[in-house]
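Structural overview for review
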Amino acid sequence: MGRRGNAAATRFAFSSEAKANNSVETILVIEDDEADQLLHEVVIKRTRPDIKIVKAFDGREALDMLARLDPMPQLILLDINMPIMNGYEFLEHYSQRDDHTIPVVAVLTTSDQEFDKQQMAKFPVVKDYLVKPLRAANIQTLQDSVTQKRNRDVAVIQRAPRF
């Protein structure tokens, strides 16, 4: 099957799944390179045109945005190497939150270094580590991570004592 056929099948599968569980409505892309931001947006929109994309150019801007966003994005795509506040620093600040509004974080970077992967694995909010460029097939993996987190959150809330 050609590229066009695969893309159409992929788009249909994601669209029908999204309607079924509505897991990803908004994605926050934290990326300092405008060309990479555009590429991520194109891949996401071709796969899931219904998703809203919010962009930040560094970790500090992202933290400021997250303090104001309502509703929260369900997924964060995070670059590692950025000016002002890099991906590590962002995660150090962001992972201190202990509420259930923390979305799934997926690192999306050019680094395939084992050291970077190990550093990111220290943060429980990081569910995926992807090497650029973002591909349509990655969207399904990310969708699954968001669905799994949502299911765990619901289970935790259901087990919580009621007063």
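Since this is a predicted model, take the numbers as computed values, not measurements. (Residues numbered from 1 in each chain as written. Predicted model: local features only at pLDDT ≥ 70, side-chain atom pairs only at ≥ 80, totals over all residues. Heavy atoms only, no water.)

1. Considerations on the pattern of salt bridges
For the structure on display, the rule yields six salt bridges. Here aspartate 50 and arginine 48 are joined by a salt bridge, their closest N and O atoms 2.8 Å apart. Within the structure, one salt-bridge network assembled from shared partners comprises Glu31, Asp36, Asp79 and Lys132. (Salt bridge = Lys/Arg side-chain N within 4 Å of Asp/Glu carboxyl O.)

2. Quick word on the nonpolar core
Side chains that are nonpolar tend, in soluble globular proteins, to be buried together. Leu28, Ile30, Ile76, Leu78, Phe90, Leu91 and Val126 are the most contacted members of the largest nonpolar core, which has 24 residues in total. Looking at this core, the elements with two or more residues in it are β1 (26-30), β2 (52-56), α3 (59-68), β3 (75-78), α4 (87-94) and β4 (104-109). Apart from the residues lying within four places of it in its own chain, the contact partners of leucine 78 are Ile30, Gly87, Phe90, Leu91, Val105, Ala106, Val107 and Leu108. Core analysis: the second largest hydrophobic core is formed by 17 residues, Val43, Ile44, Leu108 and Leu142 among them. (Core = buried A, V, L, I, M, F, W, Y, C linked by side-chain atoms within 4.5 Å. Buried < 20%, exposed > 50% of the residue type's maximum accessible area, 1.4 Å probe, protein only. Helix = DSSP H or I, 4+ residues; strand = E, 2+ residues; numbered from the N terminus. Contact = heavy atoms within 4.5 Å.)

3. A closer look at the sheet that holds β2
Pairing is parallel across the open sheet formed by five strands, whose spatial order is β2-β1-β3-β4-β5. Both outer strands of the open sheet, β2 and β5 (126-131), are each paired with one neighbouring strand and no more. Averaged over all pairs of adjacent strands, the angle between their axes in this sheet comes to 20°, without regard to strand direction. Sheet topology places β1 next to β2; five bridges connect them, and they run parallel. Along β2, the bridge assignment pairs threonine 26 with lysine 52. Each of β1, β2 and β3 is contacted by α3, which is oriented at about 130° to β2, the strand it contacts most. (Pairing = 2+ DSSP bridges. Axes fitted to C-alpha atoms, helices over the stretch in contact; angles between N-to-C directions.)

4. Some points on the side chain of threonine 109
Assignment of secondary structure puts threonine 109 in strand β4. Excluding anything up to four places from it in sequence, threonine 109 contacts Asp79, Ile80, Tyr129, Leu130, Val131 and Lys132.

5. Quick word on the pairing of β3
Here β3 shows two buried faces, one formed by Leu75 and Leu77 and the other by Ile76 and Leu78. Looking at chain direction, β1 and β3 are connected through four bridges and run parallel. Bridge pairing in β3 places valine 29 opposite leucine 77. In terms of strand pairing, β3 meets β4 through four bridges, oriented parallel.

6. Examining the packing of α4 against helix α5 (residues 114-121)
At a minimum axis separation of 11 Å, α4 and α5 run at an interaxial angle of 10°. Here α4 is positioned roughly parallel relative to α5, judged by the angle of their axes. Listed contacts from α5 to Gly87, Tyr88 and Leu91 of α4 are Phe115, Asp116, Gln119 and Met120. Residue composition of the contact of α4 with α5, by class: four nonpolar, two polar and one charged. (Parallel < 35°, antiparallel > 145°, perpendicular 65-115°, else oblique. Nonpolar A, V, L, I, M, F, W, Y, C, P; charged D, E, K, R; others polar.)

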